[in-house]
Amino acid sequence: MKRVSFLLLAAMFLASVAVTANAGTARLQVIHNAADPGAAVVDVYVNGSLFLDEFAFRAATAFTDVPAGVELEIGVAPGGDSTPGDIIATFPVTLAAGKSYVAIANGVLNPDDFDTSVNGDAIAFNIFARDNIREKAYLRSLVNLIVFHGSTDAPAVDVRLPSWPWAPIVKDLSYGEFSWYQTLFAKKYQLDITPAGDRNTVVASFEADLSGLGGGAAVVFASGFLNPAANQNGAAFGLFAALPNGTVVELPAVMKTARVQVIHNAADPAAAVVDIYLDGTEIVPDFAFRSATPFVDLPAGKEIVIGVAPGNSTGAADIIASFPVTLDPNETYVVFANGVLDPGQFASNPEGADISFQLFPRGDVRESSPFRYLVKLLAFHGATDAPTVDVLALGKKCNYRLIDDLSYGEYSNYRMLLPTKYKLAVTPGGDNGTVVATFDADLRGLAGGAAIVFASGFLSPASNKDGAAFGLFAALGDGTVIELPASSTPALAMTANVVDMPEDASLAEDLGGETPVSFDTALDQNYPNPFNPSTTIRFTLAEPSNVSLSVFNANGQLVERLADGRPFDAGVHTVAFNGVGLASGVYFYRLETGSFSQMKKMVLLK
């Protein structure tokens, strides 16, 4: 069949219906959103006359004047050289004069061949119509959006803006339903799709750039399948926007990522240099023992496969170990590659831990300290032949247990320390009188930063194929790895009088280190933020001062005085604030110390 221009089709359409002189017209936009591969292209008939020739999936017409007040029989036939006899579905509609409509063709031709709807909705091919559709916004700075759920295998969803986490802009939208209109400013947004009522599980995120649509409107529609493999390999899920002129724009997916640092700590000489692959593609060539990558963004929310191959590998076929992992979006991880390739050729772990080559991941990792005068430290035990250990910070008056009972393959909790010099003694867990080794740790250049300290190598290289000897190393966020030098200070009886490390990290003088050169009076951002229900407010004083610290609500009303003019010493201080009993929202906290005054904002999110 010869292709017919749209104008000619419109003329055929108008000629095919009986229109009385006063029946009037309606405005209509048609959108093809049926993801069934068998309906990828269709012909649309009106009252037996061809209206849309080879109408493609995810295409739309412009808004067009069509007859109102009379019944129109819309027929859909397979695309190609069809005739009215090929129509496979008909839908009678009567439009009201003066109104604007959108009609969305959706669903599948044979529901038995596709995944059922999660909510039990009928997914057979159908036309979903909605009136009171807008072609423009009332103000040039605004955009009118309406959303249609057209994904047959997707559950009921909410649509959320990360910049407005308290409530969804579209709530509890099920398959085949239209939302109410939303009016947004003409700017860029991220749209998060979550299961209805669940603001924490983001199914997908999309970028919606409305900056060029000021004064306009659009129909946003969910399209395709969440699980194409279960739906005849139909199109994958996505968000699209149909503009009044018939243009259809795909909203680009925002790739869900996690921050990851990988550290090579496998002391097996045969793994001295390795290549790292991600889903079969080499991403870190010639990765040397005791080196680290910087923190990088990796795909999250889906399974990825990290492969390890010998250095100078030629491709994915050389991979000798694969590790499937699924990272949580917006999380930060460290992953240690540790162990030995053939445990039978190495000394066993004293506690019987598995020392075979593997990956050791940990989430909730910090790339920096939330407070600019402190250092965040995390420890990892990566010495295969070493027992469970404690790490002591050696002081003049007593010795502080910095790390307690850390076994091979384990991570410690984070410790927050002043940026000064420390002497660290490694002892067997529960036996702080026996020192395995002592090290100097100079944290003076890491104020406001974070590091991962890891035990590396063998206590007995001779029993482990003459691999590297035991040592302590620190990996920084930029991928720099620093060896902590062995201390020349004998531990001797200094390992007596061991106490747990206080949480305030105010031990520089007793530990014999050097305090920072000077402090500036400052108010730090609370941490965590947003918080629920408690948070920590930290401030720094350049000199002893009387401190007033107060919390206010968004209306400027006093909520609580955390410090009411009492004296504080110079240095870093923390005060806890508990929001139990308070409503979610924005709050402010203000620090006053004589001539100094500063206010910051925090968010309580329940």
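Everything discussed here concerns the structure shown above.
In this convention, every chain numbers its residues from 1, walking through the sequence in written order. Per-residue local features of the predicted model are confined to residues with pLDDT of at least 70, and side-chain atom pairs are confined, for both listing and counting, to 80 or more; whole-chain, interface and lining totals are unaffected and use all residues. Hydrogens and waters are ignored; side-chain quantities use all the structure's heavy atoms.

> Explain the packing of aromatic side chains to me, please; I cannot follow it from the model alone.
Two aromatic rings, taken as a pair, are described by how far apart their centres are and by the angle between their planes. A pair of Phe, Tyr and Trp rings is counted when the ring centres sit within 6.5 Å of each other, with Trp represented by its six-membered ring. The angle between the planes then sorts it: under 30 degrees is stacked, over 60 is edge-to-face, the rest tilted. Evaluated as defined, the whole model comprises 19 aromatic pairs. With centroids separated by 6.1 Å and ring planes inclined at 70°, the aromatic side chains of F531 and F577 adopt a geometry described as edge-to-face. Of this pair, F531 sits in the loop between β38 (522-523) and β39 (534-541) while F577 sits in strand β42 (residues 571-578), and the two are 46 residues apart along the sequence. Both residues of the pair, F531 and F577, belong to the buried class. Here the aromatic cluster, defined as three or more aromatic residues joined through ring pairs, consists of F336, F360, F380, Y408, Y411, F454 and F473. For the purposes of this entry, the term helix denotes a DSSP run of H or I that reaches at least four residues, the term strand denotes a run of E that reaches at least two, and both are numbered from the N terminus. Burial here depends on accessible area, computed with a 1.4 Å probe over protein chains only, as a share of the maximum for the residue type. Under 20% is buried, over 50% is exposed, and the range in between is partly exposed.

> What am I meant to see in the side chain of K376 here?
Positionally, K376 belongs in strand β28 (residues 375-381). Charge counting follows a simple rule: Lys and Arg are positive, Asp and Glu are negative, and His as well as the terminal groups are ignored. Take a side-chain nitrogen of Lys or Arg and a carboxyl oxygen of Asp or Glu: if they are within 4 Å of each other, that pair is a salt bridge. An unpaired buried charge is present at K376: no salt bridge exists, and D364, the closest side chain of opposite charge, is 7.9 Å distant.

> In this structure, what is going on with the pattern of salt bridges? I would like to understand it.
When the charged atoms of two side chains with opposite charge come close together, those side chains can pair. All chains considered together, the criterion is met by twelve salt bridges. As a salt-bridge pair, R27 and E135 come within 2.9 Å of each other at their nearest N and O atoms. Of the two residues, R27 sits in strand β1 (residues 25-32) while E135 sits in the loop between β9 (126-131) and β10 (142-149), which places them 108 residues apart along the sequence. By relative accessible area, which is 27% here, E135 ends up partly exposed.

> What's the story with the nonpolar core in this structure? I'm lost.
When a protein is soluble and globular, its nonpolar side chains tend to lie buried together. Throughout, nonpolar core names a set of buried Ala, Val, Leu, Ile, Met, Phe, Trp, Tyr and Cys residues whose side chains join them through atoms within 4.5 Å. If you look at the biggest cluster of nonpolar residues, it comprises 33 residues, and the most contacted ones within it are L377, Y422, L424, F439, L443, L472 and L484. Mapped by element, the contributors of at least two residues to this core are β28, β29 (389-394), β30 (399-406), β31 (415-417), β32 (421-428), β33 (437-442), β34 (450-456) and β35 (471-476). Looking at which element gives the most residues to this core, the answer is β30, with four residues. With 26 residues, the next largest nonpolar core counts A154, A218, L239 and A241 among its residues.

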